[in-house]
Amino acid sequence: MTDNIIITETIEEVPLETIRVIEGEEEIRISHPGYLFDESKISGGHAEKIFFPKNEQEVATIIKKLNEEKIPVTISAARTGIVGSAVPLYGGVIISFEQLNSVKGIGYDEEEKRWFVRLEPNVTLSELNDVVKLKKFEENQSIPPEKNWVEKFKELNTYYYPIDPTETSAAIGGTIAANASGARSFRYGATREWVKRIRVVIPTGEILDIPRGKYRAKDGNFIIKTKEGEIKLVIPSYEMPKAKNAAGLYAKTDMDLIDLFIGSEGILGIITEAELWIKEYESHMSNVAFFDNEIDALHFVDLLRKKSTFKPEFIEFFDKNALTLLREKQEEDPKFVDMPTISKTVEAAISFDLPFDEETIETIISEVGDFLGQCNSSLENTWCGYEERERARFKHFRHAVPEIVNNLIAERKKTYPEIHKLGTDMSVTDEHLVDIMQFYHKKLEEAGLEYVIWGHIGDNHVHVNILPRNMEDLEQGKLLYKKFAKKAVEFGGSVSAEHGIGKIKHEYLLIMYGEENVDQMRQVKLSIDPNCILNPGNIFDIEVKK
Amino acid sequence: MKIIVLVKQVPEADKVAVNPETGTLIREGVASILNPFCEYALDEAVRLKEEYPEKEIEVIAISMGPPQAKSALMRCLELGADRAYLLSDRKFAGSDVWATSNALSLGVKKLVPDFDLILTGKQAIDGDTAQVPPETAEHLGIPQITYGVNTKIENKKIVVKRETEEGYQIVSTRLPALVTMSKGSNIRRMPSMKQILEARKKTLEIVSAEDIGADDTKVGLNASPTQVAKVFAPPEKGGGEIIDGREEPKLAAKKIFDFLIANNFI
Amino acid sequence: MLIVDMEKCIGCGICEKVCPFGAIIVPTDTKKAKVLENCTLCGTCVNACPYGALTIERKTVSKEQLSQYTGVFIWGEWEKRENIPHIKNVVLELLGKGRELADRVNEELTVVLAGYNVEQLVSTLFHHGADKVILAEHELLEAYTTDGYATVISSIIAAKKPSIVLYGATPNGRDLAPRVAARLGLGLTADCTGLDIDKENQLVQTRPAFGGNIMASILSPYTRPQMSTVRPNVFKKPKEDKTKEGKTEIFEVKLKRSSIRTRILEEIHVLDEVVNIEEADKLVSVGRGIESKENIKIAQELAEAMGATLSGSRALVDIGWLPHARQVGQSGKTVSPNLYLAFGISGAVQHLVGMKSSDVIVAVNNDPEAPIFKVANLSVIGDILKIIPELTKLVREYNTKKESEEI
């Protein structure tokens, strides 16, 4: 029986003095500056204290105290985010989750017939997969213990956690807070689909234990019953885009409470424990197909996702400029790319993973050959590998372009320190893919800007990266970026398909939803966090009530 | 012209470890691959095939191993070999270098008696001995050239550029001969989907000890002059201090400096 | 047993011509090869016969026969440095270990010195502990060739019956030893890092496998001699004692030009300077993390400030940023300096194999999961492009301070 009312758990506090802390704004700035930055590289973060709690109890104790004193808090885990979510722009206190980094156990949900793992938020994706793939569980880690799930799990084939947002050193807590996705969301969806349960600390210092499926919104709201009274959360009324989306709060009439927190970038509550589904590992083969024209490549994408009898893991795209960069890098340092030379006539490449099985390989390849024939290409213009070692080459190849771009920008920063790359993160619906690609190219060529396009084309979600050569380019680029955002929204898409809003994309959220709808998100936050202490500055601006 | 490439399937060496308690190899989670040096040899054979079309070169891959080694031979076919044979038989189990080279030479004599050239990798990354190719060449009575990085065929001779301690040597010999490759092209091949598909139509046969006339005086544990007495984990190295110097490189440099001073290295 | 296949033999007489011991003849009346009593089973004729008419069936040696094999032999590999022959360092290192083994089994320590105009090297062998040197000189042995040396070494081993033969695991050693092993049907263990004698007087040969992730101890119980190749820089060179003397035995070499089937067409020396990373006691080593050829300069500066030598991983040699002479690793050189500084080296197994035995290893790398950290005494996660110049600065300051103090 689902209900929209949830009762909090109260935790016994521990004396604050027993929790490890580093104090002093100067001290932090000089000796521990890492905590003030994340991969967005924005500056301006500052803090007076960093706490290092060991467990949920300590986290709850700290949050309660900070709320009483109305001190803003920023959560710090792996700091791999690229929109500044972990940067303490509003000062106050940082809570580092580095000590909450253990995998707690594994279990099998007999109703859902799926295996799951319970863990603390600072476990990284690579650590999680290491433990799951190599089955590194202790006997006493079965959830619940009497079912001996560990023993049973060890008898199975290889399992893994399929969400793959490229940066495998990201912390699970962060991926949940951001609803991270990546290439594989084409097949597996985003993190959201894989979260079974979370425990969240709210500003009162109390805990919400939220298994998926237990709490559903009724009459457009949720009620949280705390020790002191009641908190009513009114679900925003806007309609989320149908395309891949990580912008703003999740809102649906009869939504599950867990989905309110997933992707909320830490502004509603702090995750202290999570349970994630895992799945059986299937063999795959990695492929790249080359096309002399971009339009042929886009046609191939459509055939792959609509007409194939098999389901690709993901479909990725590289434009002409991306391939040029790769080709140049190959000449300079062949081992960096570790792939055969890309022909000069090629203007687009599609990278895609397919199921691999000796029984089906001939039919699958023949089908792909058929599609390629319809797109002015052929099986000869492809690369294919299925052994782990070979697939690693493909993965490396896919990540080479972003790496080359980052190095390029780093070089340019030497001349123009204020320069940075402009990368879009927008998605559209299937039927608008060709339109948006044409729009991107047209506008960029008109503006005479240097750019590269690559990304998760299976989800109609490509990253347009403008590479400014000077400050004028940067300004022009920013203007174009806004135009792209508006167009994407017009095409039923999202301004942030996977990176989130954080501290740097507020204006795009407004472009997407408008002031009124963003205000509805603010209301949700004010209900649960009236002093606005939790990760201020994420998703939208709000005044911290000092 | 017939070029034989002798290949081996090996576990990814850097992932194999010894269970310190039982002294046995832990192979869980370790993939099996075509030995990288063997891939250089195959690559060279296919390159020669492409470079000398008039010689109508046929590339034949031969390996000795358990049934699963078929996948390494399939990879050879995908990369351009024309046919492949796996010498697989319980009788080969426990073969050391001498016995393995016997099996391979018997296999070669039976399957491709009219070969012109044998290319192999310098060594296998599991055994690391580099012994099987020279011993096979000796059993076949053919000359060997080791540490090759590049080859050329001139009439009935092979000309090899080989690595030496001072640099390089150009060495030639009459065919048939055996050459071991220590280096490949800087760019590794990648088969196309077409080649993956076609490989599955080529000959890949399993050959038994009886097929090649190998008896237990030549192959297997009993025929092996060397025996493994014990396998154990290497002495623990490392375990030293770990410093995170990503945020403060100056501090990290100072810590290294202090360490070096303390240990009298400066 | 050397067996003549009467059907295949056509009496061409090649075997008679190549036999180093005159132990096989082709009588004019029978026109078929005949094996005489003094055949040592060295296998030279088997190789040479164009018709495959000769085979050797080797029965394993019984325990009684085992005792007939005595003596620890070392292949005395030499090289030319500026056109003058020098005994390779690894041979001297083997003499140190060889002495220990020979004393344990109470047998003689002999170096087999094959070459041309190498008699001058004999004395240094005695100075480093050899009891005896077997000198086998011939014009055709001036340069190393597989055929020439395999024939000579096999003949000597077959004739002299040592119980142990050691070779340096140098490129030539690894080319030669297996050829000899196959010819004589012997057990051979490659790249030994440990040699010992057990209770049954057997040679226990310990070596790394799987790129050094496991160690194996090997025995050759039924064949003699027991043969091993040993990597340079594993055992320590003994102290030179110029007063030591020994016996020299001349071995007469019978070699024909036609039995050497390879021709050396050209020698290409690539050393621009004489760099010997194997002898350095401190190495500053760089890997892919250095990012560009220009950046190598900063590592060179650190090396100079510290009195160390620059070396690098295979990745840099492959793209031409460093010469092969500076390469550390499985396909480069094995080094065991007192101090190995690894900058921007991930620690792939092929690299570790070449430097694991360094006394002290300090590793700096941006990747916290870099395998090099598993073998380091001090691990630093960080940006080498920032840390190296800082470290150089500190070292230089220290040096200047020390100098001014000394003045």
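Only a predicted model underlies this, so the values are computations on that prediction, with no experimental measurement involved. Position numbers for residues count from 1 along each chain, tracking the sequence in the order it is written. Chain labels run from A onward and ligand labels from 1 onward, assigned in the order the entries are written. Only residues with pLDDT of 70 or above have their local features reported here, since the model is predicted, and side-chain atom pairs are shown and tallied only from 80 upward, although totals for entire chains, interfaces and linings are computed over all residues.

(A) Focus on the overall build of chain C. In this description a helix means any DSSP run of H or I spanning at least four residues, a strand means any run of E spanning at least two, and both kinds are numbered starting from the N terminus. A count of helical and extended segments in chain C gives eleven helices and 22 strands. Here the C-alpha coordinates of chain C stretch approximately 85 × 45 × 40 Å along the principal axes. Each of the 407 residues in chain C was classed as buried or not, and the buried ones make up 51%. For chain C, long-range pairs separated by at least 24 residues make up 64% of all intrachain contacts whose partners lie at least 6 apart in sequence. Exposure criterion: with C-beta atoms placed from backbone coordinates, a residue whose C-beta has 20 or more other C-beta atoms within 10 Å is buried, one with 12 or fewer is exposed, and one in between is partly exposed. Contacts are defined on C-beta atoms placed from the backbone: any two residues whose C-beta positions lie within 7 Å are in contact.

(B) The arrangement of the domain arrangement of chain C in detail. Domain start and stop points were drawn from an automatic or database domain assignment. The assigned domain composition of chain C is domain 1 (2–56), domain 2 (63–259) and domain 3 (282–406). With centres defined by C-alpha atoms, the gap from domain 1 of chain C to domain 3 of chain C works out at 57 Å.

(C) The sheet that holds strand 2 (residues 20–23) of chain A, seen in detail. Residue and element names in this part refer to chain A. Reading across the sheet, the four strands line up as 2-3-5-4 and stay open at both edges, with mixed pairing between neighbours. The open sheet has two edge strands with one neighbour each: strand 2 and strand 4 (73–76). For this sheet the average axis-to-axis angle between neighbouring strands, irrespective of direction, equals 20°. Sheet topology note: the strand 3 (residues 49–52)/strand 5 (residues 93–96) ladder contains three bridges and is parallel. What sits directly across from F51, in strand 5, is I95. A fitted line through C-alpha atoms represents every axis, and for helices the fit uses only the stretch in contact; the resulting angles, taken between N-to-C directions, go from 0 to 180 degrees. Here helix 2 (residues 56–69) sits on the sheet in contact with strand 3, strand 4 and strand 5, set at roughly 170° to strand 5. Here, strands pair whenever DSSP counts at least two bridges between them.

(D) Quick peek at the sheet that holds strand 19 (residues 451–456) of chain A. Residues and elements named next belong to chain A. One open sheet holds the seven strands; their spatial order is 17-14-16-15-19-20-18, and the pairing between them is antiparallel. The sheet terminates laterally at strand 17 (382–385) and strand 18 (422–423), the two strands that pair on one side only. Two strands pair when backbone bridges link them, and strand 15 (residues 314–318) and strand 19 are joined in this way by two bridges, in the antiparallel orientation. Across the sheet, residue F318 finds its bridge partner in strand 19, namely W454.

(E) Structural view of the interface of chain B and chain A. Listed per partner, the contact involves 18 residues of chain B and 23 residues of chain A. Ranked by the residues each element gives to the side of chain B that touches chain A, the list is headed by helix 5 (residues 193–199) of chain B, at four residues. Residue composition of the side of chain B that touches chain A, grouped by class: eight nonpolar, three polar and seven charged. Note that Gly is not counted as nonpolar here; it falls among the polar residues with everything else outside the nonpolar set of Ala, Val, Leu, Ile, Met, Phe, Trp, Tyr, Cys and Pro and the charged set of Asp, Glu, Lys and Arg.

(F) Quick look at the packing of helix 6 (residues 146–160) of chain C against helix 7 (residues 171–184) of chain C. All names here are of chain C. It is at 9 Å that the axes of helix 6 and helix 7 come closest, and there the two elements cross at 50°. Comparing the axis directions of helix 6 and helix 7 gives the class oblique. The two elements helix 6 and helix 7 meet at a crossing, and its hand is right-handed. Contacts between helix 6 and helix 7 involve T146, Y149, A150, I153, S154, I157 and A158 from the former and D175, L176, R179, V180, R183 and L184 from the latter. In terms of residue class, the contact of helix 6 with helix 7 is built from eight nonpolar, two polar and three charged. An angle below 35 degrees is treated as roughly parallel, one above 145 as roughly antiparallel, one from 65 to 115 as roughly perpendicular, and anything else as oblique. Crossing handedness is defined as follows: a turn of the near helix away from the far one that is anticlockwise and smaller than a right angle gives a left-handed crossing, while the clockwise case is right-handed.

(G) Just the interface of chain C and chain B, in detail. Across the boundary between the two partners, chain C contributes 74 residues, which contact 69 residues of chain B. For the side of chain C that touches chain B, the residue count by class is 40 nonpolar, 17 polar and 17 charged. One ladder, built from seven bridges, connects strand 11 (residues 167–174) of chain B with strand 17 (residues 262–269) of chain C; its direction is antiparallel. Looking at strand 17 of chain C, one finds that V171 of chain B is bridged to I264 of chain C.

(H) Representation of the packing of helix 14 (residues 471–490) of chain A against helix 15 (residues 506–528) of chain A in the model. All names here are of chain A. Between helix 14 and helix 15, whose axes approach to 9 Å, the crossing angle comes to 30°. If you check the angle between helix 14 and helix 15, you find them roughly parallel. Helix 14 and helix 15 meet at a crossing whose hand is right-handed. Residue-level contacts link K482, A485, K486 and V489 of helix 14 to Y508, I511 and M512 of helix 15. Classifying every residue of the contact of helix 14 with helix 15 by side-chain character gives five nonpolar, no polar and two charged.

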